[in-house]
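Here is what each chain is made of, one letter per residue.
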Amino acid sequence: MTEKSYHENEYAARFADVEENLKRIREGIARAAEKSGRRPEDITLLAATKTVPVEVINHAIHLGVRQIGENRVQELCEKFDRLDLEQCGCQFIGHLQTNKVRQLIGKVSMIQSVDSMKLAQEISRQCVQRGTSMDVLVEVNIGREENKSGVDPDGLRGLLEGISALPSLKVRGLMAIPPADASEAETMEFFSKMQQYFVDIGAQKIDNVGMDYLSMGMSADYEQAILAGANMVRVGSALFGARVYK
C-alpha cells in the first residue's frame, strides 16, 4: 500500500464526516443569513483548525472552505508547508504573544486577536521590517472576564485610535468570544452589544480603521451570531469533530 493510499484509508471516515458537517453548517449559515436579511455569501465561514490533521484540513479546503484559522503559532508553523493554500486564506485566531509575532508574518493574511497597543506595535514593527502589511481585527473582551484576552469595551475606542497611527497595519473589524457559561439569552445580548460597537465605530470613520468584519460565533452559537450581525463565524468542532489533544 502506498503512503497516499494509507492516508486515504486512515481518514476516509473523517473525510465523509467533514463533508456531511460542512453541508449542515452551510445550511445553518444560509438559514441565519436569510433571517437577518442577508445572503449566505455575505457570511464568511472560517474553519478553526486547532488539532486537526493537515490531511483533513486540506479535504475541507477541497470542499470549498476558503478561510482557515489556527490558534497556536507552533502548530501553524508545523502544518504550514503542507497546507493547500492556493485558494484558501490562513488567519491567526488565538491569543498571541509579542515574541511569536515574527513567526506569523508571511504566513497569515489576518490576525484576529489584537488586544493591546504592545501587540499592535510589534506586528507593525515586524511588518515594516519585512516590507509587508497585515490586516488585523481588534479582540473585545465583551464579557469583561478577568482571565480572558481582549480589550475592555471601555478602552476599545482608544486602542483603535492608537493602532490607526501605526504603519503597515490595517484594522478590518472586531472579534469577540462571549463567556462560555453564558445562557443563550445572555450570549445573544453580548453579540448584540458587539454589533452595536461595530456599527458605531464604522460611523465614526476613524482613519485606517475599517469595519469590514465582525467575527463572532463558533460551533455552538454561529447561527445566533449571524442573527445578531456577524459576517464571519469561526467553526471548529462542528465541522471537524471533537478535538483530540495530544
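Bear in mind the structure is a predicted one, so any value in this text is a computation, not a measurement.

Digging into the packing of aromatic side chains
For the coordinates displayed, the defined rule picks out one aromatic pair. Taking the centre distance of 6.0 Å and the plane angle of 20° together, the rings of Y11 and F15 count as stacked. Residue Y11 and its partner F15 are both found in helix α1 (residues 3–35); the two are separated by four residues, about one turn of the helix. Here Y11 falls in the buried class, since its relative accessible area comes to 12%. Over the ring of F80 we find K107, and its NZ or CZ is 5.7 Å from the ring centre.

A few points about the state of the cysteines
Scanning all chains against the criterion turns up zero disulfides. For C88, which is in no disulfide, the shortest distance to another cysteine sulfur is to C90 and amounts to 7.5 Å. Looking at C88, the relative accessible area reads 7%, which means it is buried.

Re a negative patch on the surface
A cluster of like negative charges, contributed by D17, E19, E20 and E27, occupies part of the molecular surface. As for its placement among the helices and strands, E27 is situated in helix α1. When its relative accessible area of 42% is taken as the criterion, E27 is described as partly exposed.

Some remarks on helix α6 (residues 156–164)
Those residues of α6 not exposed but buried are L156, L159, L160, I163 and S164. Viewed along the axis of α6, the buried residues span an arc of 135°, placing them on a single side of the element. Where α6 is buried, its residues meet β4 (110–114), α5 (117–130), β5 (134–140), β6 (169–176), α7 (184–204) and β7 (209–215).

So, the UniProt feature "domain: Alanine racemase N-terminal" (unreviewed entry) in the protein chain
According to UniProt, the feature "domain: Alanine racemase N-terminal" (unreviewed entry) maps to residues 22–243 in the numbering used here. A distance of 16 Å separates the end C-alpha atoms of residues 22–243, which is 40% helix and 20% strand.

A look at unusual backbone geometry
Phi at K205 takes a positive value of approximately 50°, unusual for a residue other than glycine. With respect to the helices and strands, K205 occurs in the loop between α7 and β7. Of the residues examined, K205 reaches a relative accessible area of 68% and is grouped as exposed. If you check the backbone angles, N208 has positive phi at about 65° while not being a glycine. Tracing the chain through its elements places N208 in the loop between α7 and β7.

Here's the deal with the nonpolar core
Core analysis: the largest hydrophobic core is formed by 72 residues, its most contacted members being I68, I111, I123, M134, V138 and L174. When residues of this core are assigned to their parent elements, the largest contribution, eight residues, is made by α1. In this structure I68 touches L46, A47, T49, I57, I61, L83, L85, C88, G89, C90 and Q91, once residues within four positions along its chain are discounted.

Here we look at the pairing of β6
Among the eight residues in β6, seven count as buried, and that is most of the element. Bridge count between β5 and β6: seven bridges; the pairing is parallel. Following the sheet pairing, L137 is matched in β6 by G173. As a crossover connection, the stretch from β5 through α6 into β6 is right-handed. Where β6 and β7 come together, four bridges link them in parallel fashion. Bridge pairing links V171 to V209 in β7. For the segment spanning β6, α7 and β7, crossover handedness is right-handed.

Structural notes on α7
Here α7 spans 31 Å end to end across 21 residues, near enough to the 30 Å set by a 1.5 Å rise per residue. The inward-facing, buried residues of α7 abut β5, α6, β6, β7 and α8 (222–228). Phi turns positive one or two residues past the end of α7, at K205, with a value near 50°.

Basis of the calculations
- Residues numbered from 1 in each chain as written.
- Predicted model: local features only at pLDDT ≥ 70, side-chain atom pairs only at ≥ 80, totals over all residues.
- Heavy atoms only, no water.
- Phe/Tyr/Trp six-rings, centres within 6.5 Å; stacked < 30°, edge-to-face > 60°.
- Helix = DSSP H or I, 4+ residues; strand = E, 2+ residues; numbered from the N terminus.
- Buried < 20%, exposed > 50% of the residue type's maximum accessible area, 1.4 Å probe, protein only.
- Lys NZ or Arg CZ within 6 Å of the ring centre and 35° of its normal.
- Disulfide = S-S within 2.5 Å.
- Patch = residues over 30% accessible without salt bridge, like charges linked within 9 Å, V, L, I, M, F, W, Y side chains within 5 Å.
- Areas by Shrake-Rupley, 256 points an atom, 1.4 Å probe, with all protein chains shown as cover.
- Salt bridge = Lys/Arg side-chain N within 4 Å of Asp/Glu carboxyl O.
- Lys, Arg positive; Asp, Glu negative; His and termini not counted.
- Charge placed at Lys NZ, Arg CZ, Asp CG, Glu CD.
- Arc of directions from axis to C-beta.
- Contact = heavy atoms within 4.5 Å.
- UniProt positions renumbered as here; feature names shortened; annotations may be inferred.
- Core = buried A, V, L, I, M, F, W, Y, C linked by side-chain atoms within 4.5 Å.
- Pairing = 2+ DSSP bridges.
- Right-handed = clockwise from strand over helix to strand, strands pointing away.
- Expected span 1.5 Å × (residues − 1).

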